[in-house]
Amino acid sequence: MAHAESVLIKNVHLYGEGEATDVLVRDGVIETIAADQEFDGVVVEGEGGVLLPGLVDMHVHLREPGREDTETIATGSAAAANGGFTAVFTMANTQPVMDQPVIAEAVWHKGQDIGLCDVYPVGSITKGLEGKELTEFGMMARSDAKVRMFSDDGKCVDNPLLMRRAIEYAKGLDVLLAQHCEDPRLTEGAVAHEGEIAARLGLRGWPRVAEESIVARDALLCRDYGNRMHICHASTEGTVELLRWAKDQGIPLSAEVTPHHLLLTDERLETYDGVNRVNPPLREHKDTLALRDALLEGVIDCVATDHAPHGSEEKCCEFENARPGMLGLETSLAIIAQIFVESGLADWRFVAKVMSERPAELLKLKDHGRPIAEGEPANLTIVSSKENWKVAGEKLASKAANTPYEGMDFDTKVKATILRGRVTSSNGVPAQARTS
Ligand SMILES: [Zn+2]
């Protein structure tokens, strides 16, 4: 069973609002919220920072089993704790693929043993990610891992009949299907957003229509075969329009957006640096603006990092040969705060919604994304909004260093993360794993 601990959090503003107060957590549950409390156990000094519900990331790659040279459940959990996360969903494209209960259970138990973050395994939709035969959703959903999301992320389930069958199967189990939208025939050999810059640099282009055609098709499948579905890493203005249409029709289609698609553009290609290669690719300025508006309006539901660690030999090579993917866990809150809070576009309640409450709701988590209130589980993040820091890949807790934000300055930093009353990260230093 999960461990639960006690802690007193001093001097924080709940959701960045009102007077500073103290939060006493006993045995993993918020017991008392009131100023000037005392406690003879662990005390965390919030220094007037912001208290948020622990962040939830529904899209990460922790690479274990199979690529422990780039990330492990232990190092990924440490990176998650440093980034303010108390729950993450790790994608199925491991080696072997997470297409059976035994693999999902091993990942779940290991995450619980390490104890720095709740690590939920995502089952694959098709066996071996081959796009041919569905996996046993039911067996994985009923396993110890209680798999609640299925995705072939990295690959698109492009066969429409197979996707229809997956939607029908998922419906009976009330699990979420998450689609990586990319028609593979339109992106063969593509390495960068199809546009002026890729054309000038001689890079093969990944057109927006490859994403949008699958979003449109899946919205219609979802409408006709009636189950909820989720769009991974929306990246284009057209996808936003399709999501808006689907939501107006009452189609239960949700979507996420990554911090990098909200902040960075294909102008980054000019450097030819493989760190900027990601799938879907960095788009144009107008796409980032449409994605920001969509998140503000709720057309896009939440932020997910798509944290994708790679070794340096996979990134420091010719752009065409670099593996797609970027780190995200330890920088996402700073980026979202910069774009939305520091600019005045939104408040901390919005951050709590898109980085914790909404993803927890989509995945039906009972202990995460909950209100900060007495009697609620103590999964919490303390944030300082006045702490200038510079990103350095080498200093991150992740085993990999492929951050596209190297050398960038941010003003928001996670001060501490608390999982069921246990401090899992403090001032950028992750707690010891219970086991490793
Ligand atoms: Zn993907």
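Keep in mind that this is a model prediction, so the values were computed, not measured. (Residues numbered from 1 in each chain as written. Predicted model: local features only at pLDDT ≥ 70, side-chain atom pairs only at ≥ 80, totals over all residues.)

Caption draft 1: How the structure looks around the UniProt feature "binding site: substrate" (unreviewed entry) in the chain. Per the UniProt record, "binding site: substrate" (unreviewed entry) is found at His-61, Leu-62, Arg-63, Asn-93, Asn-279, His-310, Pro-324 and Gly-325. Tracing the backbone through its elements, the reader meets Arg-63 in the loop between β5 (55–60) and α1 (73–82). Apart from residues lying up to four places away in sequence, Arg-63 is in contact with Glu-68, Thr-70, Glu-71, Thr-94 and Pro-309. Among the secondary structure elements, Asn-279 is positioned in the loop between α8 (259–263) and α9 (285–297). (UniProt positions renumbered as here; feature names shortened; annotations may be inferred. Helix = DSSP H or I, 4+ residues; strand = E, 2+ residues; numbered from the N terminus. Contact = placed C-beta atoms within 7 Å.)

Caption draft 2: Highlighting the sheet that holds strand β14 (residues 302–303). Across the sheet, five strands lie side by side as β8-β9-β12-β13-β14; this open sheet has parallel pairing. Edge strands, defined here as strands with exactly one partner in the open sheet, are β8 (149–151) and β14. Pairing between β8 and strand β9 (residues 176–179): three bridges, direction parallel. Bridging across to β9, Ser-151 finds its partner in Ala-178. (Pairing = 2+ DSSP bridges.)

Caption draft 3: Region of interest: the UniProt feature "active site" (unreviewed entry) in the chain. Look at the UniProt record and you will see "active site" (unreviewed entry) annotated at Asp-306. With respect to the helices and strands, Asp-306 occurs in the loop between β14 and α10 (312–315). Overall, the presence of 30 C-beta atoms within 10 Å leaves Asp-306 in the buried class. Contacts of Asp-306, omitting those with residues within four sequence positions, involve His-59, His-233, Thr-258 and Gly-328. (Buried ≥ 20, exposed ≤ 12 C-beta atoms within 10 Å, placed from the backbone.)

Caption draft 4: Structural detail: the environment of Glu-237. Its location among the elements puts Glu-237 in helix α7 (residues 237–248). Glu-237 gets classed as partly exposed once you count the C-beta atoms within 10 Å, which come to 19. Setting aside residues up to four positions removed in sequence, Glu-237 forms contacts with Lys-286, Asp-287 and Ala-290.

Caption draft 5: Summary view of unusual backbone geometry. The linkage connecting Glu-64 with the following residue, Pro-65, adopts the cis geometry, with an omega of 5 degrees. Along the polypeptide, Pro-65 turns up in the loop between β5 and α1. Note the cis peptide between Gln-95 and Pro-96, where omega equals 0 degrees. Locating Pro-96 in the fold gives a position in the loop between β6 (85–90) and α2 (101–114). Even without a glycine there, the phi angle at Glu-47 is positive, about 50 degrees. With 14 C-beta atoms packed within 10 Å, Glu-47 lands in the partly exposed category. Its identity as a non-glycine residue notwithstanding, Asn-427 has a phi of 50 degrees, on the positive side.

Caption draft 6: Structural context of the pairing of strand β4 (residues 43–53). Note: strand β1 (residues 7–14) against β4, six bridges, orientation parallel. Within β4, the residue paired with His-13 across the bridge is Val-50. Inspection of the sheet shows β4 paired to strand β15 (residues 380–384) by four bridges, in the antiparallel sense. Its bridge partner lying in β15, Val-50 is registered against Val-383.

Caption draft 7: Looking closely at the pairing of strand β13 (residues 253–257). The element β13 is extensively covered by neighbouring structure, given that five of its five residues are classed as buried. Neither face of β13 is open: one carries Leu-253, Ala-255 and Val-257, the other Ser-254 and Glu-256, and all of them are buried. Summarising the sheet, strand β12 (residues 229–231) and β13 pair through three bridges and their orientation is parallel. Counterpart to His-230 in the pairing with β13 is Ser-254. Sheet topology places β13 next to β14; two bridges connect them, and they run parallel. Paired with Glu-256 across the bridge in β14 is Cys-302.

Caption draft 8: Main features of the packing of α7 against α9. In contact at an axis separation of 8 Å, α7 and α9 are set at 30 degrees when each is read in the N-to-C sense. Regarding the angle of α7 to α9, the classification is roughly parallel. Here Glu-237, Val-240 and Leu-243 of α7 lie close against α9, whose contacting residues are Lys-286, Asp-287, Ala-290, Leu-291 and Ala-294. Looking at the contact of α7 with α9 residue by residue, the class counts come to five nonpolar, no polar and three charged. (Axes fitted to C-alpha atoms, helices over the stretch in contact; angles between N-to-C directions. Parallel < 35°, antiparallel > 145°, perpendicular 65-115°, else oblique. Nonpolar A, V, L, I, M, F, W, Y, C, P; charged D, E, K, R; others polar.)

Caption draft 9: Spotlight on helix α11 (residues 332–341). In terms of residue burial, α11 counts as a mostly covered element, since eight of its 10 residues are buried. All of the buried residues along α11 are Ser-332, Leu-333, Ala-334, Ile-335, Ile-336, Ala-337, Phe-340 and Val-341.

Caption draft 10: Main features of the nonpolar core. Leu-243 and Val-351 are the most contacted members of the largest nonpolar core, which has 121 residues in total. For Leu-243, the contacting residues outside a window of four places in its chain are Ile-231, Ala-234, Leu-253, Ala-255, Ala-294, Val-299 and Ile-300. Counting residues in hydrophobic clusters, the runner-up holds seven residues, among them Val-191, Ala-192, Ala-210 and Leu-269. (Core = buried A, V, L, I, M, F, W, Y, C linked by C-beta atoms within 7 Å.)

Caption draft 11: Fine view of α2. Under the 1.5 Å per step criterion, the end-to-end length of α2 is 20 Å for 14 residues, consistent within 8% with the ideal 20 Å. The inward-facing, buried residues of α2 abut α1, β6, β7 (118–121) and α3 (137–142). Two residues or fewer past α2, Gly-115 is found with a positive phi of approximately 75 degrees. (Expected span 1.5 Å × (residues − 1).)

Caption draft 12: Inspection of the environment of Met-163 at higher detail. If you trace the backbone, Met-163 turns up in helix α4 (residues 160–173). Through-space distance from the C-alpha of Met-163 to that of Gly-131 is 9.4 Å; in sequence the pair is 32 residues apart. Leaving out residues up to four positions away in the same chain, Met-163 has contacts with Val-157, Asp-218 and Leu-221.

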